[in-house]
Amino acid sequence: MDRKGPQKKLDGGNGWARPEGSSKGKGSNSRNSRSGAPGNRAADSAREVALDILVRVEQQGAYSNLLLNSSLQKSTLGREDTGLATELVYGSISRLITLDYVLSGFVSKGIAKLQPWVRNLLRLSLYQIMYLDRVPSHAAVNEAVNIAKKRGHQGISGMVNGVLRSVLRAGELPVLPENLSREERISVLHSHPLWMVKQWAAQYGLDTAEAMCAANNEPPASSVRVNLTMISRDALLAQMLEAGLEASPSQLSPYGIIIKGGGNLALSSWYRDGYLSVQDESSMLVAEAVAPGPGMRVLDCCAAPGGKSAHMAELMKDEGYIYANDLHPHKAQLIEDQAKRLGLDSIVTGSADALQLTQRLEPESFDRILLDAPCSGLGVIRRKPDLKWRKQPEDVSSVAALQAELLQSVSGLLKPGGILVYSTCTTEQAENSRIIAQFLENNSGFCSVTFDSPVWERVGGTALSEGEGIQLLPQHYGSDGFFISRLQRLL
């Protein structure tokens, strides 16, 4: 069960990455920890910053990525401690089921009866013991005891000390009973809700479901998309290498670069000058699937924050017209800001319910349409581990109804011969291939051209063909889970 994960530093913007040398990988479990000091008291260490965040995530429903970013900006932590705090937050959240399963065997009155900050202190301390090579186990225990003394009383610090030292004496953990089903073992070892494991097993088989869960517990890669209207990928890659970054061309997207240990690229001069955008590799495939050309009229129905609109404009050499719509005006402003930063004049923004676009726009007036539909987001768990604990099975069925309605509605805006791309960042076929199958059954004037695309030529040996769409899973390329389907309106 031992596994050495990738060794990474703090990743900026797109997701999280481990501090160098940190991954112990004693199993394929989960990562959810919420601990912290009460109120807004100043935190003195990476562990206390992480503890504060974890408690607020658990008690207030705060989003870990937003809270982590704001907390780190307010803190005085150095780069190494910033990396440790990031690892502890995301790692403890991701590994929640495993950590709680192990702790339940050592906390006599049960972890649910502990004060939230004590419960989360135990979680993040156990996470260090089980998963971080860089942190000696005795140091993790000592730091936990010191925090417990500082925030509690002698009885609490004694309990924390006793639980964690009992863990150290226990050896390899977790120890699972023989009578667990395969789904239950996957749930505990890889820390995913049992309903999610069962759902993926039903769709893809048990082995693939387990691989998905394991991949979701790995830190995401840091990837950027090159703005080819300003600079070539080779030229930007050369600049990054000259600056001492560990950068390499993406094998998934011809527009992408992978950076290891580069910090937050959204704070770089390359970003400010419009040379790059921070984007996951899977997401880069969507605009390529749309295949917009110079002079075309393009509609992006649900466009915020604007990455795919910008990519399409770049592919069009900024010649043509892109109407980038989003429901919320403040999100439409994000699209405008992106376009301005990247020097793109072909993007025009609007703010409306995508279901009402047919009332605002002329029928059959666009050469290309992208519907990057709202979805359950289960393909981006690696970046947003909170999703594992926030989502429920009914969330999938409820959003699928909206997706089907959106697709039917915007399809009338496509010119004969035009291409409509439907995409999601989820792995659920109820939101993906079933939506497309239902649409094609009800619309004889459309056909699938998904597999007549350079994207499929590149990924077809690895990604799945699910119905009339391409399904990327998180273990395929170490990128987000994504679904992409290309539909053409017949002449």
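Residues numbered from 1 in each chain as written. Predicted model: local features only at pLDDT ≥ 70, side-chain atom pairs only at ≥ 80, totals over all residues. Heavy atoms only, no water.

Draft legend 1. Seen up close, the overall build of the protein chain. Counting secondary structure elements, the protein chain contains 21 helices and 14 strands. Here the C-alpha atoms of the protein chain give a radius of gyration of 24 Å, agreeing with the 23 Å that 2.2 N^0.38 yields for 491 residues. Along the first, second and third principal axes, the C-alpha set of the protein chain runs to 75 × 50 × 40 Å. The proportion of buried residues among the 491 residues of the protein chain is 58%. Accessible surface, the protein chain as shown: approximately 19100 Å² in total, 49% of it carbon and sulfur. Both charge centroids of the protein chain, one from 51 positive and one from 52 negative side chains, sit 8 Å from each other. (Helix = DSSP H or I, 4+ residues; strand = E, 2+ residues; numbered from the N terminus. Rg over C-alpha atoms; globule rule 2.2 N^0.38 Å. Buried < 20%, exposed > 50% of the residue type's maximum accessible area, 1.4 Å probe, protein only. Areas by Shrake-Rupley, 256 points an atom, 1.4 Å probe, with all protein chains shown as cover. Lys, Arg positive; Asp, Glu negative; His and termini not counted. Charge placed at Lys NZ, Arg CZ, Asp CG, Glu CD.)

Draft legend 2. Geometry of the environment of Asp395. Mapped onto the fold, Asp395 is located in helix H18 (residues 393-410). In sequence terms Asp395 and Ser376 are 19 residues apart; their C-alpha atoms lie 6.6 Å from each other. Side-chain polar atoms of Asp395 contact the backbone nitrogen of Gln392, separated by 2.7 Å. (Polar contact = N/O pair within 3.5 Å; in protein donor to acceptor, adjacent residues only side chain to side chain.)

Draft legend 3. Highlighting the side chain of Glu466. Among the secondary structure elements, Glu466 is positioned in strand S12 (residues 464-466). Once residues lying within four places of it in the same chain are set aside, the contact partners of Glu466 are Tyr204, Gln429, Ser433, Gln471 and Phe483. (Contact = heavy atoms within 4.5 Å.)

Draft legend 4. A look at helix H14 (residues 307-315). Buried residues dominate H14, accounting for 9 of its 9 residues. For H14, the set of buried residues is Gly307, Lys308, Ser309, Ala310, His311, Met312, Ala313, Glu314 and Leu315. With its phi angle positive at about 60°, Lys317 sits one or two positions after the end of H14.

Draft legend 5. Local environment of the sheet that holds strand S4 (residues 256-260). Spatial ordering of the open sheet is given by S3-S4-S2-S5, a layout of 4 strands whose pairing is antiparallel. Either end of the sheet is taken by a strand with one partner, and the two such strands are strand S3 (246-249) and strand S5 (276-278). Direction aside, neighbouring strands of the sheet carry axes that sit 30° apart on average. Bridging between S3 and S4 involves 4 bridges; their strand directions are antiparallel. Note that in S4 the partner of Glu246 across the bridge is Lys260. Where helix H15 (residues 329-342) meets the sheet, it contacts strand S2 (222-226) and S5, and its direction lies at approximately 150° from that of S5. (Pairing = 2+ DSSP bridges. Axes fitted to C-alpha atoms, helices over the stretch in contact; angles between N-to-C directions.)

Draft legend 6. Local environment of the pairing of strand S6 (residues 297-300). The pairing of S6 with strand S7 (residues 321-326) spans 4 bridges and is classified as parallel. The partner of Arg297 across the bridge, within S7, is Tyr321. Each parallel crossover has a hand, and for S6 linked through H14 to S7 it is right-handed. (Right-handed = clockwise from strand over helix to strand, strands pointing away.)

Draft legend 7. Quick look at the nonpolar core. With 49 residues, the main nonpolar core has Leu121, Leu122 and Val160 as its most contacted residues. For this core, the secondary-structure elements that each account for two or more residues are helix H1 (46-60), helix H2 (64-74), helix H3 (79-94), helix H4 (96-104), helix H5 (116-131), helix H6 (137-151) and helix H7 (154-170). Element by element, the count of residues in this core is highest for H5, at 10 residues. The contacts of Val160, once residues within four sequence positions are left out, are Val118, Leu121, Leu122, Ala144, Val145 and Ala148. (Core = buried A, V, L, I, M, F, W, Y, C linked by side-chain atoms within 4.5 Å.)

Draft legend 8. Structural view of the packing of H1 against H5. Closest axis-to-axis distance for the H1/H5 pair is 9 Å, and the angle between their directions is 125°. Taken as axis vectors, H1 and H5 run oblique relative to one another. Note on packing geometry: the crossing formed by H1 with H5 is right-handed. Contacts between H1 and H5 involve Arg47, Leu51, Leu54, Val55, Glu58 and Gln59 from the former and Pro116, Trp117, Arg119, Asn120, Leu121, Arg123, Leu124 and Gln128 from the latter. Of the residues that constitute the contact of H1 with H5, the class distribution is 7 nonpolar, 3 polar and 4 charged. (Parallel < 35°, antiparallel > 145°, perpendicular 65-115°, else oblique. Left-handed = near helix turned anticlockwise from the far one by under 90°. Nonpolar A, V, L, I, M, F, W, Y, C, P; charged D, E, K, R; others polar.)

Draft legend 9. Unusual backbone geometry, seen in detail. The omega torsion of the bond from Leu173 to Pro174 falls at 0°, within 30 degrees of zero and hence cis. Tracing the backbone through its elements, the reader meets Pro174 in the loop between H7 and helix H8 (182-190). Between Ala304 and Pro305 the backbone carries a cis peptide bond, its omega angle lying at 5°. Among the secondary structure elements, Pro305 is positioned in the loop between S6 and H14. Non-glycine residue Lys317 carries a positive phi angle of around 60°. Relative to the elements of secondary structure, Lys317 occurs in the loop between H14 and S7. For Glu364, which is not a glycine, the phi torsion comes out positive at approximately 50°.

Draft legend 10. Representation of the packing of aromatic side chains in the model. According to the stated counting rule, one finds 4 aromatic pairs in the structure shown. Residue placement shows Arg341 over the ring face of Tyr271; its charged tip is 3.6 Å from the ring centre. Here the basic side chain of Arg390 rests over the ring of Tyr63, its NZ or CZ set 4.1 Å away from the ring centre. (Phe/Tyr/Trp six-rings, centres within 6.5 Å; stacked < 30°, edge-to-face > 60°. Lys NZ or Arg CZ within 6 Å of the ring centre and 35° of its normal.)

Draft legend 11. Quick peek at the confidence of the model for the protein chain. For the protein chain, per-residue confidence averages 91 on the pLDDT scale, and 91% of positions sit at 70 or higher. Note on residues 1-15: pLDDT under 50 across the span, and 63 contacts to partners over four residues away in sequence or across chains. Confidence drops under pLDDT 50 across residues 17-23; counting only partners more than four residues distant or on other chains, this segment forms 40 contacts. (pLDDT = per-residue confidence, 0-100.)

Draft legend 12. Fine view of the state of the cysteines. Under the counting rule described, the total for this entry stands at 0 disulfides. Among the cysteines around Cys213, which has no disulfide bond, Cys425 carries the closest sulfur, lying 17 Å off. Classification of Cys213 as buried rests on a relative accessible area of 0%. With no disulfide of its own, Cys447 lies closest to Cys301 among cysteine sulfurs, the gap being 19 Å. (Disulfide = S-S within 2.5 Å.)

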